[in-house]
Amino acid sequence: MKATKIIFLTGILAFASGAAVAEEVDIPKFKDLDADGNKSLNENEYAGVKKSGVKKTFTELDQNKDGMLDVNEYSVILDEDCE
């Protein structure tokens, strides 16, 4: 009974700290998403990121509003505090 409580509490603490969520998100590498090799991502290529659980939208990341994400704009989702 005590072991069950310890395991349960450990799981709750991991989830509350965000550790459990962070481990589940496997963010693809920029070069793996760049299907056409033009060193930028369009919305269709970025869709692969959304499948991994990243919540930032393409529009939020496209800082210069050119309709493409360069590697610098994409790198924002690699930050720990990015939601």
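Refer to the structure printed above.
These notes cover the structure that comes with them. Since the structure is predicted, the reported quantities are computational estimates derived from the model, not experimental observations.

### A closer look at the packing of aromatic side chains
Argument step 1. Tallying each qualifying case throughout the model produces two aromatic pairs.
Argument step 2. Relative to tyrosine 74, the ring of phenylalanine 30 has its centre 5.5 Å away and its plane inclined at 65°; by these criteria the two rings are edge-to-face. One end of the pair, phenylalanine 30, is in helix H3 (residues 30–33); the other, tyrosine 74, is in helix H6 (residues 71–74), and 44 residues separate them in sequence. You'll find phenylalanine 30 and tyrosine 74 in the same group, each marked buried.

### A word on the side chain of serine 52
Argument step 1. For serine 52, the position within the fold is in the loop between helix H4 (43–50) and helix H5 (58–61).
Argument step 2. Reaching out from serine 52, the side chain makes a polar contact with the backbone oxygen of valine 49 at a distance of 2.6 Å.

### Overview of unusual backbone geometry
Argument step 1. Phi is positive for lysine 39, which is not a glycine, with a value near 65°.
Argument step 2. Looking at the secondary structure, you find lysine 39 in the loop between H3 and H4.

Reading guide: rules and limits
Residues take numbers from 1 onward in each chain, read along the sequence in its written order. The predicted origin of the model limits local features to residues at a pLDDT of at least 70 and limits the giving and counting of side-chain atom pairs to 80 or more, whereas totals for whole chains, interfaces and linings rest on all residues. Side-chain descriptors were evaluated using all non-hydrogen atoms of the structure, hydrogens and water having been removed beforehand. To pair, rings of Phe, Tyr and Trp, with the six-membered ring standing in for Trp, must have centres within 6.5 Å; the planes then decide the type, stacked if under 30 degrees apart, edge-to-face if over 60, and tilted in the middle. Per the convention used, a helix needs a DSSP run of H or I reaching at least four residues, while a strand needs a run of E reaching at least two, with both numbered from the N terminus. Only protein chains enter the accessibility calculation, which uses a 1.4 Å probe; a residue is then buried when its area is under 20% of its type maximum, exposed when over 50%, and partly exposed in between. Pairs of N or O atoms within 3.5 Å make up the polar contacts considered here, provided that, within protein, one atom can donate a hydrogen while the other can accept it, and that residues adjacent in sequence are counted only when both atoms are side-chain atoms.

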